[in-house]
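Coordinate inspection notes
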Amino acid sequence: MARHGRKRESAPVRETQVEGVIERVRQARNFDFRNYKRATLRRRIERRMLDRRCNNVADYQALLDRDPTEYDQLLGSLLIKVTSFFRDSELWDRLAQKVIPQILSEKRTGEEIRVWSAGCATGEEVYTLGMLFADAMGPSFATADIKVFGTDLDERAVSYARHGVYTKQQVESLPKRLLKTWFEEEGNQYLVRKELRRAVVFGVHNLVSDAPISRLDLLVCRNVFIYLNNGLQKRVLSRFHYALRRNGVLVLGKSELIPFAGKVFEAVDVSRRIYRKNGRRDAALAQTRLQNLLEQETASRGDAGEAEETGPTEQFHRDVLQAVDVPVLATALDGTVLSFNEAAVAMWNRLESDVLGKKLTSLGLPGLSGEVLVERTTMVREGRSPSERGSGSIARPEKPPLHVVVEVLPLRGSASQDIQGLVYLAHDVTALADMQLELQKVNAERQNGIEELQTINEELQSSNEELETTNEELQSANEELQTTNEELQSTNEELETTNEELQSTNAELDATNRELASRTDELNQLAFLQRTIIRSLSGAVIVIDQKGRITLWNLAAERLLGVSEQEATGQNLWTLHVPSLSRSFLARLRKAATANQTIKGEEVEYEMPNGTRGNALVASVPIVDDGVAMGSVILFEDNTRLRSVTSELNQLKKNNGRPQAN
């Protein structure tokens, strides 16, 4: 259903602009969503745009530029956090009954236990794991070396989990026994006890870019892979394989049936997505690592003894070089010849003493072309190439020339790995060149035979094409079935994502309803208190709106003016018949209320219900909110008694304090 007021954009434009939003999030908050599924990201971004009343993606990008705090709200929407204690109870029953007891049975006394909940959101899953291990271990849990790690991308969610404080609604799914054992009730909140908190560690962690937690016995990562594409799923699963100990257990979400997981791990319970790292597969890897360590140790020992055995080592290296039947020539970086073995002496017919200490370019050795000595040598010396090759020939009297391939290699130091010289290896490829000539002749004869066979092949080709057509049709049908299966899997994952989004929305609506109910109760209490206070005042209080309609008429007004609250409320004061008040006074009062003017201390005479006359002080105060008139408050303070006493006092003063004779 199209949203009212929103412009519909073409799909290519919307896709490009959504990618722009993802790139802005990566640059501003260092969150990389480029390998997340686009359907989910687009849906969450459009929902955020609707909340902020943006007609299109361009408007939303402009909002991000104006208000950087919107990045935090967008991240909260993209990082869906739907979790609860013992969510999917069947999985937790299987972990409690089979998996965790198996893990503990394989542990030696005092050995460390390490558990990781990746993508833990607000921490309910982490504390659930801690409670399961505590139940399985019994009293030994208090002294065991156990760590349950909880990590998530959202720093605010991790901070919430770290406090370990949950509402009554959040702990409703907990069994009463566990709630009583591991939580303390404080008002409407529940606090995780410190005995459980000591085993739990929370932190912000990116599964893609941060190094995984290692040496794990159990790794739980549920409903994270449904947001990742295939490439990122494989990368994270490879990291999980590294993080687990031999025979460590991996638990994925119920909607995360990933074929690659079955190739990397051994399936324990596919229906509940429980896998185990195969210890036998890891044995060869462990052996390779051990062999590498031994080689490093041998190299270290050789470095330690080098100072004592310099002479014998150099002689040994020289003997090895002379024993090589490939001509070897080594130079310093400036081209000075430092080594020239026996095979090189035989190839170039030059004594070692004639070439050592001289520049290679000045020797004019045949087979070493200018290209090898200049261009290719420069590339290796400057580190632009790990090795270079060049070809040449050496003329021999009364013999065919030698064909050689010269390989140029860098000579690096054992410690700094800097290039300290160059090594030239001259490979005699004369026999190979002769073989190539012979091969060319054979290829010519072979070509003739091939042409004769082509006629037969063309006849066979016709039959093959018919078979291939049939095979392609079968392959096409198979691919369509595979595509349908993948589409169904994708639809299932999207439905699971939509379900979680709806659960998140319902939770937000429940919280809003509870808050509105609480505020309504507060307003009702305030209204009751206000009405009680005003009704109990001795002075008459009348409240009218801007049009003169009576909205409040207290008990004192009933007594003073002779009109009941039921008769007065809702009536217009200017047209209401109030016997006690004169029409002229009501006219002045109406004029002041209409002009938003204040009347203070005006004395009026009124007729009391018993027929006697009385006096009252009247005050009218306008009600104004932000410059907008909303009505007036009219107060009547009866001073009939005060006026009578004052009159008697004045009479006494007039008679010099003597009472008047009867």
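Structural notes, computed from the coordinates. Source: prediction; values computed, not measured. (Residues numbered from 1 in each chain as written. Predicted model: local features only at pLDDT ≥ 70, side-chain atom pairs only at ≥ 80, totals over all residues. Heavy atoms only, no water.)

**Quick word on the pattern of salt bridges**
Under the definition given, this model contains 24 salt bridges. With a closest N to O distance of 2.9 Å, arginine 376 and glutamate 388 form a salt bridge. Residue arginine 376 is found in helix 17 (residues 370-381), and its partner glutamate 388 is found in strand 13 (residues 388-396); the two are separated by twelve residues along the sequence. On the accessibility criterion, glutamate 388 (12% relative accessible area) is buried. Ionic pairing is found between glutamate 382 and arginine 384, a salt bridge with its closest N-O pair at 3.0 Å. (Salt bridge = Lys/Arg side-chain N within 4 Å of Asp/Glu carboxyl O. Helix = DSSP H or I, 4+ residues; strand = E, 2+ residues; numbered from the N terminus. Buried < 20%, exposed > 50% of the residue type's maximum accessible area, 1.4 Å probe, protein only.)

**Here we look at helix 17**
Taking 1.5 Å per residue as the helical rise, helix 17 with its twelve residues ought to reach 16 Å, and the 16 Å between its terminal C-alpha atoms agrees with that figure. Looking at helix 17, one finds that the buried residues are Val372, Leu373, Thr377, Thr378 and Val380. Of the surrounding secondary structure, the elements contacted by the buried residues of helix 17 are helix 16 (360-363), strand 13, strand 14 (399-412) and strand 15 (419-428). Phi turns positive, to about 80 degrees, at glycine 383, one or two residues after helix 17. (Expected span 1.5 Å × (residues − 1). Contact = heavy atoms within 4.5 Å.)

**Brief notes about unusual backbone geometry**
Its identity is not glycine, yet asparagine 223 carries a phi of approximately 60 degrees, on the positive side. Position of asparagine 223 relative to the elements: it lies in the loop between strand 7 (216-221) and helix 10 (230-243). Phi is positive for asparagine 349, which is not a glycine, with a value near 55 degrees. Here asparagine 349 lies in the loop between helix 14 (342-348) and helix 15 (352-355). Residue asparagine 349 is classed as exposed on the basis of its relative accessible area of 70%.

Read these as geometric descriptors, not functional statements.
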